[in-house]
Amino acid sequence: MFKNYLTSIFRYVSRNKAFSTINVLGLAIGMMACMLIMQFVLHEFSYDNFHSKKDRIVRLQLDRYNKGEISTRWASGALGIGPDLKANFPEVETIVRMRNSNSVFSYGDVYFKEEGVYYASEDFFKVFSFKLIEGVDSTVLKEPFKVVLSQSLAKKYFGDENPIGKTIRNNGKVDYEVTGVFEDFPANTHMKVNALLSFESFVSLVNNPQQMTSWQWDGFLTYLLLKENVDIKTFEAKIPAYVQKREGEVLKRVNGDMIFNLQPITSIHLDSDFMGEFKPNGNRRSAYFLSIVAVLILVIAWINYINLSTAKSIERAREVGVRKVMGSFRAQLVQQFLFESVLLNTIAVLIAIVLVIVLTPSFSELTGRQLDYLLFKENSFWLWMAGLIVGGALLSGIYPAFVLSAYKPVEVLKGRFKNSGQGVLFRKGMVIAQFVASITLIIGTFTVYRQISYMQEQELGVNLEQTLVLNSPNVVDSTYEQKFAVFKEQIKQFSEVINVSASSSVPGRQPGWNAGGIRRLSQREDESNQYRVIMMDHDFIPLYGLKVLAGRGFSGETSNEWTRVLINEAAAKRLGFAKIEDAINDQIYFWGDTFSIAGVLKNYHQESLKKEHEPLVFRYSAAPGGFYSIKFRTSDVKESMSRFEEQWKELFPGNPFISFFLDDHYNQQYQADQQFGKVFGIFSALAIFIACLGLFGLSSLTAIQRTKEIGVRKVLGASVSSILRLVTKDYLVLMLLAILVSVPLAWWIMDGWLNAFANKILLSWWIFALPSLVVVSIALATVSIHTLKAARTNPTRSLRYE
C-alpha cells in the first residue's frame, strides 16, 4: 500500500515540479525561520537552568525610593542585608555576597586589565553549579587574599604551569594566592566572571567591621540559598517589616524607603535590567515577540500548503474519481493524502535543518549569542522536530485530504466538477490571514528602525565627535595627580589634539556614584533627595561642549575649587529652585560637607534617549580616576594613538593602554534594540517572501483555471490591462481587508513597545501606510506575473486549452 502511495506521490511531483517546489520550499523556509528563532528563544530561556539548586537560589534586588518615587533600581544593592537575613530568618540556608573589582592583574612582566573580576564569599561554589577543576569548593575562597581563576585566565598568565599556590598581584599593590581554577562559565548564565577574589580580602582592605554591616552602602550582589520547600513569595512578604524594624528611623529621616525583591536565578536574564548587572541581559518581551514571529512564519508556510493543495485539487479530481471507481474508500484516500503531507513535511524539515546548520553561525553573530548548535544535542529538540513533522502534516494536510477525498466520482468523471464556494472562501480567508501577519510584522520592523534612528539622530546636548577615551590607570601611587598633569600637557602639545579632560564617567555610561541625602542648607533633612554624581576636571565642560546656563564652570586656577559643585537643570528643579539663577552661590549639603553651587549646566543626555534627563551633581577634582577624554581636530588618530601609548607607558608603567571612541561606545546602548530590529526585520521579510511565494503559486493556478475565460474575453475585445485589472481586483480586495485588520493590531503592539522609551517617535499615519503600500505592491506584482502571461497568450491557444 505504501509502495503505491510513494509511486503516486512520485508521479504527481514529476508532473508538477514547479508547484511541488513552491510547496516544499515555502514549508522549508518557514520551518528554518521558526527553528532559528526558537533556537534563540530556547537559548534565552535556558539561562542558569544548569544549577542543581536553581529552584532555591534567589537574588536580592533593591529599589531605593525617594519621597515615594523610585530613585535607583539596584541589581547590586545594600551590603549588610545578606548577613542580617541569614541571622534572622530560618528560611535562609546560606548567602553569597559579591562585589565588582576594577582590576589590573600582573604576574611577573605580564599584566592585563581584566573584566569580570569579583570579590565573592566562601560558599560561592557550594551554592552555584560552576565546576571547579582545581581546589575544594568549601575552602578556595575562605581566607583573605585568595583568588580562583577561570581556566582561560589561568592559561593566559601561567601557560601550561600548575597555577595552584602561585601569586598574582592586583592593581600593583596586593598579592593573591591562587587556590583554585574553575571551568569557564557557560554562555547561558547571567554572570560574567573571569576571576573570584575571596570576600574576606575585601573585608580586610576596608578594615572597618561596623561599615561591613551598613545598609546604606550599595553595589553588592547578594544571593540567598533558601531551604527546601520555602515559598519565595511568602518569604519576600516578610522582608518589608524587617526593613522598617532595622532601618526605619534612618529611612524616615531622609524621606526614603528600601524595597527588596527576590529574583529567582532562572528569571534574572530575561527580567532584570538594573544598576550593577554583570552584563546586559535579555528581554522577556523581545523573546515573546520573536516567538510570535516564529509561529506566524510557520503558520504562513502551512497556510501556503493548504491553499495551494486545495486550489490544485481541481487537477486531482479525476485521479480521486478513478480511485473511487476502482474501489478506494474515503479513509484510504485520506490516508494517502496525509501520507503525502507527512512526506513533504519531512523533506521540508530535512531541508530546514540543513539550512539551520549552515546559517546558525551567522545568526549567532547577528543576535550576539553563542548558540553553538546546542539545540541539536537536546533530546527535546528532536522530539519537537518529530512533533513539527506530525503536527505540521496534520495541520497542513488534513483539510486538503478531506476536501480531495470528498469528491463524487460520477460528477468528476463527467467533467461537471468545480471548486466549492466554501473552499474558495476558505482560501481567501487564509490569504487574508497571511497578509495580516506579514503587514503587521513589516509595520513593526519599520517602527523599530524609525525609533532607533530617531534616538541616534536627536541632539544630545553633548559633543561626542572625534573623542577618544582612555581608561585611567589602576596601578597608581602618591604622585598620580602630578603624573596626570604631565600626561595631559604632553598630549595637548600634539597639533591634532584640541583638549584633554579627566572624569569619573563619560557620556554613554551611568554615573557610578548615586548619592542620597543631598539637600539645600535651608531645607530640612526629610527634604533631601538622591542624585547621580560625576567627578570632573575644569576641561570637561569645554571638551564636551556643555552649555553653562547660569554662573560659571570649574576653573583650574581658583583655589578651593573642590568646595564648589555644578548641577544640571534637572537637579536645580529637584532642589526646588524657581529659577536656575537662584541656585548660584546657594549652599548644598551632602557626604557630610557643605558645597557652594558655582553654576548650572543645560540638561544633556548622559545616557541613551531611552531615559529622561537625570538630576546630576558635578564635583571638581584635578585628576579624578575613571576616564581620560581626548578631543581631536581630525578623525584619523592611528598615528597619534601610538605616540599617546608611548607617553602612557612612561608615566603609568604596569597599566595597559585601553581606549575606545566615544561615539561608538555611546551607540552601544542601542545595540540590543538594533539586534532586535535586525532579527525582526529579516524574519518579517521572510514572512512576506513566503506569503508571496504562496500567492505566486495560487495566482498561477488561478490563471490556469481561468485560461478559457481570458481567451473568450480577448476574442470579445478585452485589452491586456482590463484583464489584469479583472484578475488583480480580487487580490486587491483581500489586501485591503488585510490592511484594515493589521493596522490597528500593529498600532496596539508597537504603542506598547514604544512605552518603554522616554523619548519616542509618534505613530504617524505614514508609518502604517508606507509598509502597507510596499506589501500590497509586492503582492500585486507577484499576482501580475502569471496574469500578464495568460493575458498575452494567443486566444486561439487559450480556447484549445483542455
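Everything below is about the structure shown above.
Residues numbered from 1 in each chain as written. Predicted model: local features only at pLDDT ≥ 70, side-chain atom pairs only at ≥ 80, totals over all residues. Heavy atoms only, no water.

On to the overall build of the protein chain, then. When its secondary structure is counted, the protein chain shows 25 helices and 24 strands. When burial is assessed residue by residue, the protein chain has 51% of its 802 residues classed as buried. Long-range contacts, defined here as pairs at least 24 residues apart, represent 81% of the contacts in the protein chain between residues at least 6 apart. Looking at the protein chain as shown, the accessible area adds up to about 36500 Å², and 55% of this sits on carbon and sulfur atoms. (Helix = DSSP H or I, 4+ residues; strand = E, 2+ residues; numbered from the N terminus. Buried < 20%, exposed > 50% of the residue type's maximum accessible area, 1.4 Å probe, protein only. Contact = heavy atoms within 4.5 Å. Areas by Shrake-Rupley, 256 points an atom, 1.4 Å probe, with all protein chains shown as cover.)

Bringing the packing of helix α16 (residues 480–492) against helix α19 (residues 638–651) into the picture now. Angle between the axes and distance between the axes: these two values describe a pair of packed helices. For the pair α16 and α19, interaxial distance at closest approach is 11 Å and the crossing angle is 160°. Relative to α19, α16 is oriented roughly antiparallel. Of the two elements, α16 crosses α19, and the hand of that crossing is right-handed. Counted together, Lys483, Val486, Phe487, Gln490 and Ile491 of α16 and Phe644, Gln647, Trp648 and Leu651 of α19 form the full contact between these two elements. (Axes fitted to C-alpha atoms, helices over the stretch in contact; angles between N-to-C directions. Parallel < 35°, antiparallel > 145°, perpendicular 65-115°, else oblique. Left-handed = near helix turned anticlockwise from the far one by under 90°.)

Let us now look at the side chain of asparagine 655. Relative to the assigned elements, asparagine 655 resides in the loop between α19 and β24 (659–661). Among the polar contacts listed, one links the side chain of asparagine 655 to the backbone nitrogen of valine 475, at a separation of 2.8 Å. Contacts of asparagine 655, omitting those with residues within four sequence positions, involve Val104, Tyr111, Pro473, Asn474, Val475 and Trp648. (Polar contact = N/O pair within 3.5 Å; in protein donor to acceptor, adjacent residues only side chain to side chain.)

Moving on: α16. Taking 1.5 Å of rise per residue, the 13 residues of α16 would be expected to cover 18 Å, and the 18 Å separating its terminal C-alpha atoms lies within 8% of that figure. Among the residues making up α16, those that are buried are Tyr480, Phe484, Phe487, Lys488 and Ile491. Taken around the axis of α16, the buried residues stretch over an arc of 100°, which confines them to a single face. Its buried side turned inward, α16 meets β14 (467–471), β15 (497–503), β23 (627–632) and α19. (Expected span 1.5 Å × (residues − 1). Arc of directions from axis to C-beta.)

Position of arginine 519 relative to the elements: it lies in strand β16 (residues 513–520). Note on arginine 519: relative accessible area 17%, which makes it buried. With 71 residues separating them in the primary sequence, arginine 519 and phenylalanine 590 have C-alpha atoms 7.0 Å apart. Polar contacts involving the side chain of arginine 519 include one to the main-chain carbonyl oxygen of glutamine 523, which spans 3.1 Å.

The phi dihedral of phenylalanine 145 is positive, around 60°, even though this residue is not glycine. Along the chain, phenylalanine 145 turns up in the loop between β7 (132–134) and β8 (146–150). What makes phenylalanine 145 partly exposed here is its relative accessible area of 28%. The phi dihedral of asparagine 229 is positive, around 65°, even though this residue is not glycine. For asparagine 229, a relative accessible area of 81% gives the class exposed.

For any pair of aromatic rings, the description consists of the separation of the ring centres together with the inter-plane angle of the planes. For the structure on display, the rule yields 48 aromatic pairs. Taking the centre distance of 5.4 Å and the plane angle of 55° together, the rings of phenylalanine 554 and tyrosine 620 count as tilted. Remark: tyrosine 620 occurs in strand β22 (residues 616–620) and phenylalanine 554 occurs in the loop between β18 (548–551) and β19 (564–568); sequence separation between them is 66 residues. Of the two residues, phenylalanine 554 and tyrosine 620, both sit in the buried class. It is lysine 156 that lies over the ring of phenylalanine 112; its NZ or CZ is 4.2 Å from the centre. When the ring centre of tyrosine 531 is taken as origin, the NZ or CZ atom of arginine 574, which lies over that ring, is 5.7 Å away. (Phe/Tyr/Trp six-rings, centres within 6.5 Å; stacked < 30°, edge-to-face > 60°. Lys NZ or Arg CZ within 6 Å of the ring centre and 35° of its normal.)

Let us now look at helix α8 (residues 239–253). Taking 1.5 Å as the rise per residue, α8 with 15 residues should run 21 Å; its terminal C-alpha atoms sit 20 Å apart, in good agreement. Roughly 80° is the biggest bend found in α8, and it falls at glutamate 247. Of the positions making up α8, those classed as buried are Ile239, Tyr242, Val243, Glu247, Gly248 and Leu251. Where α8 is buried, its residues touch β1 (57–66), α3 (81–88), α7 (232–236) and β13 (256–264). (Bend = angle between axes of the 7 residues up to and from the residue.)

Okay, the pairing of strand β17 (residues 529–536) next. Burial analysis of β17 places eight of its eight residues in the buried class, which makes it a mostly covered element. Burial along β17 is two-sided: Asn529, Tyr531, Val533 and Met535 and Gln530, Arg532, Ile534 and Met536, pointing in opposite directions, are all buried. With five bridges joining them, β17 and β22 adopt parallel strand pairing. By the bridge assignment, arginine 532 is partnered in β22 with leucine 616. (Pairing = 2+ DSSP bridges.)

Formed by 104 residues in total, the largest nonpolar core has its most connected members in Met31, Met35, Phe435, Tyr544, Phe618 and Phe683. If you look at the next biggest cluster of nonpolar residues, it comprises 27 residues, including Tyr118, Phe182, Val193 and Leu221. (Core = buried A, V, L, I, M, F, W, Y, C linked by side-chain atoms within 4.5 Å.)

Here the structure, examined in full by the defined rule, presents 29 salt bridges. Aspartate 271 is the salt-bridge partner of arginine 284, the closest N and O atoms lying 2.7 Å from each other. Note that arginine 284 is positioned in helix α10 (residues 284–311) and aspartate 271 in helix α9 (residues 268–271), a separation of 13 residues in sequence. In this structure arginine 284 comes out as partly exposed when scored by relative accessible area, which is 23%. Given the relative accessible area of 39%, aspartate 271 is considered partly exposed. With a closest N to O distance of 2.6 Å, arginine 643 and glutamate 496 form a salt bridge. Here arginine 643 is found in helix α19, whereas its partner glutamate 496 is found in the loop between α16 and β15, with 147 residues between them in sequence. For arginine 643, a relative accessible area of 33% puts it in the partly exposed group. Judged by relative accessible area, glutamate 496 falls into the buried class, the value being 11%. Via salt bridges that share partners, Arg56, Glu93 and Glu228 belong to a single interconnected network. (Salt bridge = Lys/Arg side-chain N within 4 Å of Asp/Glu carboxyl O.)

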